[in-house]
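Overview (structure and organization)
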Amino acid sequence: MKNVSVRYILCFAFLTALTLVLLVWNINAGSVDFSPGEVLSVLLAGPKEGIVWGIRLPRVLAAAILGGALSVSGFLLQTFFANPIAGPFVLGISSGAKLTVSLAMVFLLSRGVVIGSMALILGAFIGSMASMGFILLLSRRVKQMSMLVVSGVMIGYICSAVTDFVVTFADDSNIVNLHNWSLGSFSGTSWENVRLMALVTGVSMGLAFLLSKPIGAYQMGEVYARSMGVNIKRFRVELILLSSVLSACVTAFAGPISFVGIAAPHLIKALFRTAKPIVIIPACFLGGAAFCLFCDLIARTAFAPRDMSISSVTAVFGAPIVLYLMASRRGAAARGGNGQ
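The structure presented is a predicted model; accordingly, all values stated were derived computationally and were not measured.

**Some details on the overall build of the protein**
When helices and strands are counted, the protein shows 14 helices and zero strands. Its helices and strands taken in sequence order, the protein reads α-α-α-α-α-α-α-α-α-α-α-α-α-α from the N to the C terminus. Per-residue burial for the protein yields a buried fraction of 49% across its 340 residues. Intrachain contacts of the protein at a sequence separation of at least 6 include 78% that bridge at least 24 residues. As displayed, the protein has an accessible area near 16,800 Å², and 68% of this comes from carbon and sulfur atoms.

**Considerations on the nonpolar core**
One finds L66, L76, F81, F186, I257 and F272 to be the most contacted residues of the largest nonpolar core, which totals 90 residues. The dominant element in this core, judged by the number of residues it contributes, is helix 3 (residues 51-81), at 17 residues. Not counting residues up to four positions away in its chain, the partners in contact with I257 are L70, F89, F186, V250, I310, S311 and T314.

**Structural notes on a nonpolar patch on the surface**
On the surface, a nonpolar cluster with roughly 370 Å² of combined accessible area is contributed by V150, V153, M154 and Y157. Examined against the element boundaries, Y157 turns out to sit in helix 6 (residues 145-167).

**Some remarks on the side chain of D296**
Tracing the chain through its elements places D296 in helix 13 (residues 277-301). Residue class for D296 comes out buried when judged on its relative accessible area of 1%.

**Focus: the packing of aromatic side chains**
Applying the stated criterion across every chain, the model contains five aromatic pairs. Ring centres of Y8 and F272 lie 6.1 Å apart, and the angle between their planes is 40°; on these two criteria the pair is classed as tilted. Note that Y8 is positioned in helix 1 (residues 2-28) and F272 in helix 12 (residues 260-272), a separation of 264 residues in sequence. Of the two residues, Y8 and F272, neither departs from the other in class, the shared state being buried.

**As for the packing of helix 3 against helix 9 (residues 212-219)**
Put simply, helix 3 and helix 9 touch, their axes get as near as 9 Å, and they point 40° apart. Compared by their axis directions, helix 3 and helix 9 come out oblique. Between helix 3 and helix 9 the crossing geometry is left-handed. In this structure, helix 3 uses F75, L76, T79 and F80 to contact helix 9, whose residues at the interface are I215, Y218 and Q219.

**Some words on the pattern of salt bridges**
A complete count under the given rule lists four salt bridges for this structure. A salt bridge links R59 to D296; the nearest nitrogen and oxygen atoms lie 2.9 Å apart. A residue pair is termed long-range when its members are at least 10 positions apart, and R59 in helix 3 and D296 in helix 13 qualify at 237 residues. Put simply, R236 and E222 hold a salt bridge, and the shortest N to O gap is 2.3 Å. Taken together, the positions of R236 in helix 11 (residues 232-254) and E222 in helix 10 (residues 222-227) put the pair 14 residues apart, joining distant regions of the chain. Through salt bridges with shared partners, a single network forms among E222, R226 and R236.

**Here's the deal with the environment of L183**
Along the chain, the position of L183 falls in the loop between helix 7 (172-182) and helix 8 (191-210). Separated by 71 residues in the primary sequence, L183 and A254 have C-alpha atoms spaced 8.7 Å apart. In contact with L183, other than residues within four places in its own chain, are P256, S309, I310 and S311.

**A short note on the packing of helix 9 against helix 11**
The geometry of helix 9 relative to helix 11 is characterised by a closest axis approach of 11 Å and an angle of 110° between their N-to-C directions. In terms of axis orientation, helix 9 runs roughly perpendicular to helix 11. Helix-helix and strand crossings are classified by hand; for helix 9 and helix 11 the assignment is left-handed. Contacts between helix 9 and helix 11 involve P214, I215 and Y218 on the former and, on the latter, I232, F235, R236 and L239. Each residue belonging to the contact of helix 9 with helix 11 can be placed in one class, and the counts come to six nonpolar, no polar and one charged.

**Description of the side chain of S94**
Within the element layout of this structure, S94 appears in helix 4 (residues 93-109). Among all residues touching S94, those that are not within four sequence positions of it are P88, F89 and T251.

**Focus: helix 9**
Along helix 9, the residues that are buried comprise S212, I215, A217 and Y218. Within two residues after helix 9, G221 carries a phi angle of roughly 120°, on the positive side.

**Thoughts on unusual backbone geometry**
Notably, F259 is not glycine yet its phi reads approximately 70°, a positive angle. Look at F259 and you get buried, because its relative accessible area is 19%. Residues other than glycine seldom take positive phi values, yet R273 does so here, at roughly 60°. Structurally, R273 can be placed in the loop between helix 12 and helix 13. Owing to a relative accessible area of 67%, R273 belongs among the exposed residues under this scheme.

So, how was this worked out
Residues numbered from 1 in each chain as written. Predicted model: local features only at pLDDT ≥ 70, side-chain atom pairs only at ≥ 80, totals over all residues. Heavy atoms only, no water. Helix = DSSP H or I, 4+ residues; strand = E, 2+ residues; numbered from the N terminus. Buried < 20%, exposed > 50% of the residue type's maximum accessible area, 1.4 Å probe, protein only. Contact = heavy atoms within 4.5 Å. Areas by Shrake-Rupley, 256 points an atom, 1.4 Å probe, with all protein chains shown as cover. Core = buried A, V, L, I, M, F, W, Y, C linked by side-chain atoms within 4.5 Å. Patch = residues over 30% accessible without salt bridge, like charges linked within 9 Å, V, L, I, M, F, W, Y side chains within 5 Å. Salt bridge = Lys/Arg side-chain N within 4 Å of Asp/Glu carboxyl O. Phe/Tyr/Trp six-rings, centres within 6.5 Å; stacked < 30°, edge-to-face > 60°. Axes fitted to C-alpha atoms, helices over the stretch in contact; angles between N-to-C directions. Parallel < 35°, antiparallel > 145°, perpendicular 65-115°, else oblique. Left-handed = near helix turned anticlockwise from the far one by under 90°. Nonpolar A, V, L, I, M, F, W, Y, C, P; charged D, E, K, R; others polar.

What follows is the structure in structure tokens.
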């Protein structure tokens, strides 16, 4: 038990240090280079106009907050479906959020209506819940993991097709805004956006952490969870709402971001060698933050001064992890079949 506690402490220390290093590195890197000492002196000097406080720091904080939110959302969905490949992007939940935000941007902006950050989050949440509803209906009939994932991908394609259809009737200026947003990026983040995403994510994280005990019981099976006094119906609703709010917050501010919700939780569970929610939920937040900070650093600097789509970079690093998971599960199933 003592060795396990030491391992947890060391892993949390590693993730915290990695996140802080990537934070400083992201602030330092760019078209205008700053040394770590210059970055520290600017930060200690307090808020003021400039590249660090006005542009880079809001973007860096957005990448950390939203990356952590996406990772925790993926962990909650994997717990709910007992499916290691479940995630907001793969299950089409991010595409549903993208559809409703796109509809809001096209129809409201074309009429000169300014959209606030809270309205975007609300629209994305409605889209997330709609996609989640379809997934839940399908999960009652489709029991195989692979078919459920395919169903989620199909829902994502349907949402994307409807989005493309709507875009054909949009004004040129709105199409440009929608195209830039749909690629996925943390650029252009304001301090107001950072405060709002931190509030939404912080409250959702706190509620998810309070559900650690029921989640741990649910991981042992529904029968065991009921015997421990967990109200399964209410628990499922809470899990769905929290995962949808977290993924909706990410989509509203940064656009659809792929594979973080799948890859980060599995990397964290492999690092900690446990799936205990009380440990994994905060660890997933740190891991997702570090993952997105690393990917955003590449997106900003690989082909500077051009910015790459953050979703493209996360797919490059996240997709191989998903392929490995699918291959390892198939291999384990094959060995089990041969053993019988």
